[in-house]
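# Geometric and topological summary
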Amino acid sequence: QVQVVESGGGLVQAGGSLRLSCAASGRTFSITAMGWFRQAPGKEREFVAGIIGGGGSTYYADSVKGRFTISRDNTKNTMYLQMNSLKPEDTAVYYCAAGRQWGVVPTTMSGVGSWGQGTQVTVSS
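This report concerns the structure included in the present document. (Residues numbered from 1 in each chain as written. Predicted model: local features only at pLDDT ≥ 70, side-chain atom pairs only at ≥ 80, totals over all residues. Heavy atoms only, no water.)

### Details of the side chain of Thr119
Positionally, Thr119 belongs in strand E11 (residues 119-124). With relative accessibility at 11%, the residue Thr119 sits in the buried group. Here the side chain of Thr119 touches Gly9 through a polar contact of 3.2 Å, landing on its backbone nitrogen. With residues near it in sequence (within four places) discarded, Thr119 still touches Glu6, Ser7, Gly8, Gly9, Leu20, Ala92, Val93 and Tyr94. (Helix = DSSP H or I, 4+ residues; strand = E, 2+ residues; numbered from the N terminus. Buried < 20%, exposed > 50% of the residue type's maximum accessible area, 1.4 Å probe, protein only. Polar contact = N/O pair within 3.5 Å; in protein donor to acceptor, adjacent residues only side chain to side chain. Contact = heavy atoms within 4.5 Å.)

This is the structure we're talking about:
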């Protein structure tokens with residue numbers, strides 16, 4: 001099972017950018033579908049973006065399409081989330097997630113096999 005640790009969160013003004021990283025351990029990272037989720041205060045955790053093992057296919061929540069880009073470097077066992085044109089409503093704890101099933105991008109919490117500890121992203125207006 002892949003274990004993951006996020007980094008790169010912080011405070012940014014609206015319209016700014018941040019890049020999150022997710023460092024993974026485990027020999028199966030390159031074939032594990034991965035995703036990013038977020039949870040704002042008082043709200044449920046929600047899917048943000050996902051990517052298959054080879055990186056050829058990506059998926060996004062409608063709320064972030066055109067602003068966020070998910071990618072991965074399997075040679076470094078690392079996944080990224082480039083976040084541009086950030087809005088105050090993007091403020092949340094962002095979680096890296098490893099998929100539970102081979103080849104299936106985790107888009108719901110039940111599809112996640114392991115979670116990172118989360119990293120806070122705060123966007124000021």
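This is not the end of the story, as more comes after the structure.
### A word on the pairing of strand E3 (residues 18-25)
It is a general feature of regular strands that their side chains alternate between the two faces of the sheet. Alignment of strand E1 (residues 3-7) against E3, held across 5 bridges, turns out to be antiparallel. Within E3, the position partnered with Ser7 by the bridge is Ser21. Across 6 bridges, E3 lies against strand E8 (residues 78-83) in antiparallel orientation. Within E8, the position partnered with Leu20 by the bridge is Leu81. (Pairing = 2+ DSSP bridges.)

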